[in-house]
Amino acid sequence: MSIIDIKLATRGMDSTARWKILKRHVFSFLKHMTLKRFMNFTHAELNRMMKKEVINSYPYILKMESTNICNLRCAYCYDGRRMPVQGERPYGRMTFENFKKLIDEVGLYLFKINLYGFGEPLLFPETLEMIQYASKNNIGIGISSNLNFTDADLPRRIVESGLEVLIFSCHGITQESYSKFMVKGDMSLAMENVKKIVDERKRLRISTPFIDWQYCVTKFNEGEMDLAVAKAKELGVDQIRFLRPFIPPDAENEWFADSFSKHEFAGLQRSKAGCAWPYRSAYINYDGGLLPCCQDVRLLGNDFGNVFESGFMNVWNNEKYKSSRRLIANTSVRNSTCNTVCSRCPIIGTAPVENRNNANLTTQSTVS
């Protein structure tokens, strides 16, 4: 097990973008460092290297979904925004009170929170309350947004909230290609909001939020990449990243850019080092349902427990977590002792990558 096992949940198209993301993580780590967080980080990494089942550390990064409701219908996202069926998580939003309760339990150990999942965080006002509360507790926080909003005062409130990172999801530089991917979206509106946020940063003479434009590349928008780079410079965006989206292999050819192989699965390569999520991080749905990572968040049966009902630490070391860590330590135990979603995961080598569509992993995060 490597002492330095650094993996980025979101990978840019080239090493330069990946290095910028890593530097941003290091900056957040140093900015929010305390003795308690450093000691917890050390214990978490020792637990990972020693492959312990029961661990004496909290996660030091959390991914939390404030809502799974969205104002757009992006292609292949959350199964096209269909209504949930029996056994699936309904649509909803996290309350500020539940967010606060969780931060009061684990906030002293966290360097960073990614406050987004399969919905649009800025749809609801409590998201900015959550950002402000995390910021007051010296926790770095980032969101991902399509910025399709008409509230003229929202750019100011975003900048003043303490938000550190804003991932701007925009997959095209013409309305034609943009709306083909981001159905129901208005590209001009989104661009105007980016400009207003940049202007607010200048007015307040601060550098946050860091604006990271995420551009998912397909065949029909691939020819606009140079235009996107020029637009990013014009707007004052801090970074633009060109990514391979999660598209099912049986989709039409127009969804597969020449830059990527149609048969490659982004981010699903097997890892000889196993998986670090059950030691370092976790994914918390808006309703408190806890998952080890952002794979297949829709099925309620995949939850490891509910942190709003049971408390985080009572879930963090329950039997589902212990069996999953046991699996990561020794993948041969999969059939006999682990029945969690981890046992169907191709990343840690317990399911073939070519069987991805049969692994009951129905939803994936394309951003992080």
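Going by the structure above, here's the rest.
Calculation criteria
- Residues numbered from 1 in each chain as written.
- Predicted model: local features only at pLDDT ≥ 70, side-chain atom pairs only at ≥ 80, totals over all residues.
- Heavy atoms only, no water.
- Helix = DSSP H or I, 4+ residues; strand = E, 2+ residues; numbered from the N terminus.
- Polar contact = N/O pair within 3.5 Å; in protein donor to acceptor, adjacent residues only side chain to side chain.
- Contact = heavy atoms within 4.5 Å.
- Expected span 1.5 Å × (residues − 1).
- Buried < 20%, exposed > 50% of the residue type's maximum accessible area, 1.4 Å probe, protein only.
- Core = buried A, V, L, I, M, F, W, Y, C linked by side-chain atoms within 4.5 Å.
- Pairing = 2+ DSSP bridges.
- Axes fitted to C-alpha atoms, helices over the stretch in contact; angles between N-to-C directions.
- Parallel < 35°, antiparallel > 145°, perpendicular 65-115°, else oblique.
- Left-handed = near helix turned anticlockwise from the far one by under 90°.
- Nonpolar A, V, L, I, M, F, W, Y, C, P; charged D, E, K, R; others polar.
- Salt bridge = Lys/Arg side-chain N within 4 Å of Asp/Glu carboxyl O.

A. Looking closely at the side chain of Glu-45. If you trace the backbone, Glu-45 turns up in helix H2 (residues 35-49). Of note is the side chain of Glu-45, whose polar atom sits 2.9 Å from the side chain of Arg-48. Excluding anything up to four places from it in sequence, Glu-45 contacts Tyr-60 and Arg-280.

B. Structural view of helix H8 (residues 187-204). The terminal C-alpha atoms of H8 lie 26 Å apart, and with 18 residues this matches the ideal 26 Å at 1.5 Å per residue to within 8%. Of the residues making up H8, those classed as buried are Met-187, Ala-190, Met-191, Asn-193, Val-194, Ile-197, Val-198, Glu-200 and Arg-201. On its buried side, H8 packs onto helix H6 (154-160), strand S5 (165-169), helix H7 (175-181), strand S7 (210-216) and helix H9 (225-235). Where H8 begins, the capping side chain belongs to Asp-186, and its oxygen is found 3.1 Å from the backbone nitrogen of Ser-188. At the C-terminal side of H8, Arg-205 shows a positive phi close to 55°.

C. Looking closely at the side chain of Glu-120. Secondary-structure assignment places Glu-120 in the loop between strand S3 (112-114) and helix H5 (126-136). Ignoring anything within four residues of it in the chain, the contact list for Glu-120 reads Thr-67, Ile-69, Cys-70, Asn-71, Ser-144, Ser-145, Asn-146 and Leu-147.

D. Quick peek at the nonpolar core. If you look at the biggest cluster of nonpolar residues, it comprises 85 residues, and the most contacted ones within it are Phe-99, Ile-113, Trp-213 and Phe-312. It is H8 that provides the largest number of residues to this core, a total of six residues. Those residues in contact with Trp-213, other than ones at most four positions away along the chain, are Phe-168, Cys-170, Gly-172, Ile-173, Met-191, Ala-228, Lys-231, Ala-232, Val-237, Gln-239, Ile-240 and Arg-241. If you look at the next biggest cluster of nonpolar residues, it comprises six residues, including Tyr-78, Phe-118, Leu-291 and Val-297.

E. Quick peek at the sheet that holds strand S11 (residues 305-306). Spatial strand order, S8-S7-S5-S4-S3-S1-S9-S10-S11: nine strands in an open sheet with mixed pairing. Taken across any chain shown, the strands that pair with only one partner, and hence form the sheet edges, are strand S8 (239-243) and S11. The pairing of strand S1 (residues 61-64) with S3 spans three bridges and is classified as parallel. Each residue of the ladder has a partner; that of Ile-61, found in S3, is Lys-112. Helix-sheet contacts for H8 involve S5 and S7, and the interaxial angle to S7 is about 160°.

F. View of the packing of helix H4 (residues 96-106) against H5. The N-to-C vectors of H4 and H5 enclose an angle of 20°; their axes lie 10 Å apart at closest approach. Put simply, H4 runs roughly parallel to H5. Every pair of crossing elements has a handedness; the one defined by H4 and H5 is right-handed. Mapping the contact onto sequence places Phe-96, Phe-99, Lys-100, Ile-103 and Asp-104 in H4 and Glu-126, Glu-129, Met-130, Tyr-133 and Ala-134 in H5. Here the residues of the contact of H4 with H5 sort into six nonpolar, no polar and four charged.

G. Representation of the pattern of salt bridges within the structure. A full pass over the atoms with the stated rule returns 24 salt bridges. The shortest N-O distance in the salt bridge between Glu-200 and Arg-203 comes to 2.8 Å. Highlighted residues: Glu-200 and Arg-203, both in helix H8, separated by three residues, approximately one helical turn. Judged by relative accessible area, which is 17%, Glu-200 ranks as buried. By relative accessible area, Arg-203 is classed as partly exposed at 47%. Notably, a salt bridge pairs Arg-201 with Asp-238, separated by 2.7 Å at the nearest N-O pair. Separated by 37 residues along the polypeptide, Arg-201 in helix H8 and Asp-238 in the loop between H9 and S8 bring together distant segments of the chain. Residue classification places Arg-201 among the buried residues on the basis of a relative accessible area of 8%. Taken together, the salt bridges that share partners define one network made up of Asp-151, Asp-153, Arg-156, Arg-157, Glu-160, Glu-200 and Arg-203.

No statement about biological role is implied by the geometric values presented.
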